[in-house]
Amino acid sequence: MPIYIAVLALQVYCIVDVIRRGRNSIWIMALVFLPVASAVAYFIVEILPGLQHNRHLRAAREKVVDKLDPERELRAARQALDVADTMANRLRMADAFTALGRHSEALPLYQRGAGARPDFRTGEKLARSLFLNDRPQEALSVLDALPKVTAQSDTDRVGLLRARILEELGRTDDALALYSDVMERLPGDEARCRYAALLLKAGRKAEARRVLEDVEHRMKYIDRYTRASGAPMYDWAMRELTSLRT
């Protein structure tokens, strides 16, 4: 009986999918008279190709692979560097170290890859690595020397990094001003949460509460993958907001 119900449910799901997506109606006849074989064929022919283009499924699959073999990209990057000691391969290996949280190993590779006058992307990576290695003043100097760019997204991304560096250097007012500016344009809520955290540190609880309430409102509209990937940040935000309300 349970098998019959499962087959029936699969049959109904596939038929509804055919109708909803406007696919060839011949599938309906096949699913009625040969439910199991046709359902398997329908999944392989019609559903599976579409899943390969789903960014959430791709991201989930990559996340699983990274958990099972976290040094996979590092091995590939090291092999590429052994074959050809190029700037691109040095940066690839540095990126792999950074993804693993091995910032002290990444920094020399970024420094070698950046050269005397790095381009915007490489300079940004070098500055971030310096910051993550507790060298904020050097990181700020690298940012100050970056070439100008016209893309607002690039400017805002570097603006967030600059705000974090200024915060680390104790320049609270400058950091708050930058956080407040870039959080309105950057995707996600990292800038908002960092802004709220610094406001709390500065004793400006009412302002922090307003920012966290905005985060709470925005959380209603984010997808599950974004919510899961930012879980520690969002959990912190909601704990702090609860504390402020009580």
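Residues numbered from 1 in each chain as written. Predicted model: local features only at pLDDT ≥ 70, side-chain atom pairs only at ≥ 80, totals over all residues. Heavy atoms only, no water.

1. Some words on the overall build of the protein
Consideration 1: Looking only at helices and strands, the protein has 15 helices and zero strands in total.
Consideration 2: Whereas a compact globule of 246 residues would reach a radius of gyration of roughly 18 Å, the protein reaches 25 Å, over 25% beyond that.
Consideration 3: Once the C-alpha set of the protein is aligned to its principal axes, its extents read approximately 70 × 60 × 35 Å.
Consideration 4: When contacts within the protein are restricted to residue pairs at least 6 apart in sequence, long-range pairs at least 24 apart make up 43% of them.
Consideration 5: Within the structure as shown, the protein displays about 15,200 Å² of accessible surface, and the carbon and sulfur contribution to it stands at 57%. (Helix = DSSP H or I, 4+ residues; strand = E, 2+ residues; numbered from the N terminus. Rg over C-alpha atoms; globule rule 2.2 N^0.38 Å. Contact = heavy atoms within 4.5 Å. Areas by Shrake-Rupley, 256 points an atom, 1.4 Å probe, with all protein chains shown as cover.)

2. Description of helix 12 (residues 190–201)
Consideration 1: The first and last C-alpha atoms of helix 12 sit 16 Å apart over 12 residues, in line with the 16 Å expected at 1.5 Å per residue.
Consideration 2: Looking at the buried residues of helix 12, the elements they touch are helix 10 (152–168), helix 11 (172–182), helix 13 (205–219) and helix 15 (231–245).
Consideration 3: After helix 12 finishes, the residue Gly203 shows a positive phi value of roughly 80 degrees. (Expected span 1.5 Å × (residues − 1).)

3. So, the confidence of the model for the protein
Consideration 1: For the protein, the average pLDDT comes to 88, and 91% of its residues sit at 70 or higher.
Consideration 2: Across the protein, element-level confidence peaks in helix 12 with a mean pLDDT of 98 and bottoms out in helix 4 (residues 55–68) with 60. (pLDDT = per-residue confidence, 0-100.)

4. Some points on the pattern of salt bridges
Consideration 1: Going through the model one piece at a time under the given rule, you end up with 26 salt bridges.
Consideration 2: One salt bridge connects Asp181 with Arg185, and the closest N-O pair in it is separated by 3.0 Å.
Consideration 3: The partner of Glu207 in a salt bridge is Arg204, and the shortest N-O contact between them spans 2.8 Å.
Consideration 4: Each of Arg121, Glu124, Arg128, Asp154 and Arg157 takes part in one network of salt bridges that share partners. (Salt bridge = Lys/Arg side-chain N within 4 Å of Asp/Glu carboxyl O.)

5. A word on unusual backbone geometry
Consideration 1: Residues other than glycine seldom take positive phi values, yet Asp134 does so here, at roughly 60 degrees.
Consideration 2: Along the chain, Asp134 falls in the loop between helix 8 (120–132) and helix 9 (136–144).
Consideration 3: The exposure class assigned to Asp134 is exposed, which follows from its relative accessible area of 66%. (Buried < 20%, exposed > 50% of the residue type's maximum accessible area, 1.4 Å probe, protein only.)

6. Some points on the environment of Ala196
Consideration 1: By the secondary structure assignment, Ala196 is in helix 12.
Consideration 2: The class for Ala196 is buried, based on a relative accessible area of 0%.
Consideration 3: Taking C-alpha positions, Ala196 is 29 Å from Asp95, a pair spaced 101 residues apart along the chain.
Consideration 4: Ignoring any residue separated from it by four or fewer positions in sequence, one finds Ala196 in contact with Ala208, Val211, Leu212 and Trp236.

7. Focus on the nonpolar core
Consideration 1: Judged by nonpolar contacts, the single largest core of 49 residues is most densely connected at Met93, Leu126, Leu143, Ile165, Tyr179 and Tyr195.
Consideration 2: Not counting chain neighbours up to four residues away, the residues in contact with Met93 comprise Leu74, Ala77, Arg78, Leu81 and Leu109. (Core = buried A, V, L, I, M, F, W, Y, C linked by side-chain atoms within 4.5 Å.)

8. What about helix 11?
Consideration 1: Buried within helix 11 are the following residues: Ala175, Leu176, Tyr179 and Val182. Along helix 11, the residues classed as buried sweep out an arc of 145 degrees about the axis, all on the same side.
Consideration 2: Against helix 10 and helix 12 lie the buried residues of helix 11. (Arc of directions from axis to C-beta.)

9. Brief notes about the packing of helix 6 (residues 87–99) against helix 7 (residues 103–114)
Consideration 1: Where helix 6 contacts helix 7, the axes come no closer than 8 Å and their chain directions differ by 160 degrees. As far as their axial angle goes, helix 7 and helix 6 are roughly antiparallel. Helix-helix and strand crossings are classified by hand; for helix 6 and helix 7 the assignment is left-handed. Judged by residue contacts, Met87, Arg90, Leu91, Met93, Ala94, Asp95, Phe97 and Thr98 of helix 6 engage His103, Glu105, Ala106, Leu109, Tyr110, Arg112 and Gly113 from helix 7.
Consideration 2: Within the contact of helix 6 with helix 7, the residues separate by chemical class into eight nonpolar, three polar and four charged. (Axes fitted to C-alpha atoms, helices over the stretch in contact; angles between N-to-C directions. Parallel < 35°, antiparallel > 145°, perpendicular 65-115°, else oblique. Left-handed = near helix turned anticlockwise from the far one by under 90°. Nonpolar A, V, L, I, M, F, W, Y, C, P; charged D, E, K, R; others polar.)

10. Description of a nonpolar patch on the surface
Consideration 1: A contiguous nonpolar patch, built from Tyr4, Ile5, Leu8, Val12 and Val16 and spanning about 470 Å² of accessible area, is present on the exposed surface.
Consideration 2: Its place among the elements puts Leu8 in helix 1 (residues 2–21).
Consideration 3: Judged by its relative accessible area of 37%, Leu8 is partly exposed. (Patch = residues over 30% accessible without salt bridge, like charges linked within 9 Å, V, L, I, M, F, W, Y side chains within 5 Å.)

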